[in-house]
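# Architecture and fold: a report
So the chains spell out like this:
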Amino acid sequence: MVVDQYGMGAAEVKTYKSFGALARAFERALVELQPAYAAAMESGALLVEAAAKAEFGHYQRENMGELTPWAELKDATKQAHIQAIVDGEAAPDAGENTPELVTGELRASIKHESTAKSFAVGSESEIMVWQELGTPEGLPPRPVLGTAMYRSEEAVVDLIGQAVVNTITGKK
């Protein structure tokens, strides 16, 4: 038996005794698709949020798509990190050379919202915009949200696909 990426095999194809039974199955699927999409979107949002938060403190230089790899921290920034640690103002996992991670406030500001049709992961902090895009004054971009979405894209698509397949086939 051949099994596809969603675990469906040829032996699992359901047959219907009449067009009426098939129509009822489609009606049921239509009713159940919205909550299935909503659950998949929430799961996708949680996945991307966790991935974005995990980017902090680690140089991002590979598997970033078209996004700009992170530049090395300047010596003055590393010294500022050391001072924050000495002063007790740093996050527990911050170190001298942990880009985007000093106090942990920016990481903690990342939140998500989801609906049955979409989700968003972001931050209300202006600093996040500067970190994602860089600044005209010379701060290089160090994207965490874009990188997390890029790296999570396949898993999110699989979550949505699995939700659709499960709904159409009647699996819970």
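Above this text is the structure in question.
Below, the structure is looked at part by part. Bear in mind the structure is a predicted one, so any value in this text is a computation, not a measurement.

## What about the pairing of strand β1 (residues 111–114)?
- Pairing analysis gives four bridges linking β1 to strand β2 (residues 119–122), with the strands arranged antiparallel. By the bridge assignment for β2, S114 is matched with F119.
- Between β1 and β2, which pair antiparallel one after the other, the connecting turn spans four residues.

## Describing helix α2 (residues 75–86)
- If you check α2, its first and last C-alpha atoms are 17 Å apart, about what 12 residues at 1.5 Å a residue would give, namely 16 Å.
- Looking at α2, one finds that the buried residues are K78, H81 and A84. Seen end-on, α2 carries its buried residues on one side only, within an arc spanning 115°. Along α2, the residues that are exposed and aim more than 90 degrees away from the buried face are D75, A76 and V86.
- Two residues or fewer after α2 comes G88, characterised by a positive phi angle close to 75°.

## Points about the environment of L33
- One can find L33 in helix α1 (residues 19–55).
- Judged by relative accessible area, which is 16%, L33 ranks as buried.

## Remarks on the pattern of salt bridges
- This structure, assessed with the given rule, holds six salt bridges.
- The salt bridge partner of R61 is E72, with a shortest N-O separation of 3.2 Å. One end of the pair, R61, is in the loop between α1 and α2; the other, E72, is in the loop between α1 and α2, with 11 residues separating them in the sequence.
- Among the residues examined, R61 registers a relative accessible area of 42% and is labelled partly exposed.
- In this structure E72 comes out as partly exposed when scored by relative accessible area, which is 40%.

## Some thoughts on a nonpolar patch on the surface
- Nonpolar side chains collect at one region of the surface, where I127, V129, W130, L133 and L139 lie side by side and expose about 470 Å² of accessible area between them.
- By the element assignment, I127 lies in helix α4 (residues 126–133).

## Quick word on the side chain of R107
- Relative to the helices and strands, R107 is located in helix α3 (residues 105–108).
- Aside from chain neighbours lying at most four places away, what touches R107 is K53, F56, A91, D93 and L101.

## Points about the nonpolar core
- F56, I110, F119, M128, V144 and L145 are the most contacted members of the largest nonpolar core, which has 19 residues in total.
- Among the secondary structure elements, those contributing two or more residues to this core are α1, β2 and α5 (145–169).
- Sorting elements by how many residues they give to this core places α1 first, with four residues.
- When residues no more than four places from it in sequence are discounted, the contact partners of I110 are E49, A52, K53, F56, V121, G122, S123, M128, V144 and L145.

## Quick look at the packing of aromatic side chains
- With the rule as written, the count across this model stands at zero aromatic pairs.
- In this arrangement the basic side chain of R61 is found over the ring face of Y59, its NZ or CZ atom lying 4.3 Å from the centre.

## Some details on α5
- Here α5 contains 25 residues, and its C-alpha end-to-end distance of 34 Å stays within 8% of the 36 Å for a straight helix at 1.5 Å per residue.
- Taking the largest bend as the criterion, α5 deviates by roughly 55°, centred on E153.
- Turning to α5, its buried residues number three or more, namely L145, T147, A148, S152, V156, G161, A163, V165, N166 and T167.
- Residues of α5 that are buried in the fold lie against α1, β2 and α4.
- Of the residues trailing α5, G170 is marked for its positive phi of about 85°.

## Topic: the side chain of Q60
- The topology assignment puts Q60 in the loop between α1 and α2.
- In this structure the side chain of Q60 is engaged in a polar contact, spanning 3.0 Å, whose partner is the side chain of E55.
- Here R151 takes part through its side chain, which lies 2.6 Å from a polar atom of the side chain of Q60.

Rules and cut-offs
- Residues numbered from 1 in each chain as written.
- Predicted model: local features only at pLDDT ≥ 70, side-chain atom pairs only at ≥ 80, totals over all residues.
- Heavy atoms only, no water.
- Pairing = 2+ DSSP bridges.
- Helix = DSSP H or I, 4+ residues; strand = E, 2+ residues; numbered from the N terminus.
- Expected span 1.5 Å × (residues − 1).
- Buried < 20%, exposed > 50% of the residue type's maximum accessible area, 1.4 Å probe, protein only.
- Arc of directions from axis to C-beta.
- Salt bridge = Lys/Arg side-chain N within 4 Å of Asp/Glu carboxyl O.
- Patch = residues over 30% accessible without salt bridge, like charges linked within 9 Å, V, L, I, M, F, W, Y side chains within 5 Å.
- Areas by Shrake-Rupley, 256 points an atom, 1.4 Å probe, with all protein chains shown as cover.
- Contact = heavy atoms within 4.5 Å.
- Core = buried A, V, L, I, M, F, W, Y, C linked by side-chain atoms within 4.5 Å.
- Phe/Tyr/Trp six-rings, centres within 6.5 Å; stacked < 30°, edge-to-face > 60°.
- Lys NZ or Arg CZ within 6 Å of the ring centre and 35° of its normal.
- Bend = angle between axes of the 7 residues up to and from the residue.
- Polar contact = N/O pair within 3.5 Å; in protein donor to acceptor, adjacent residues only side chain to side chain.

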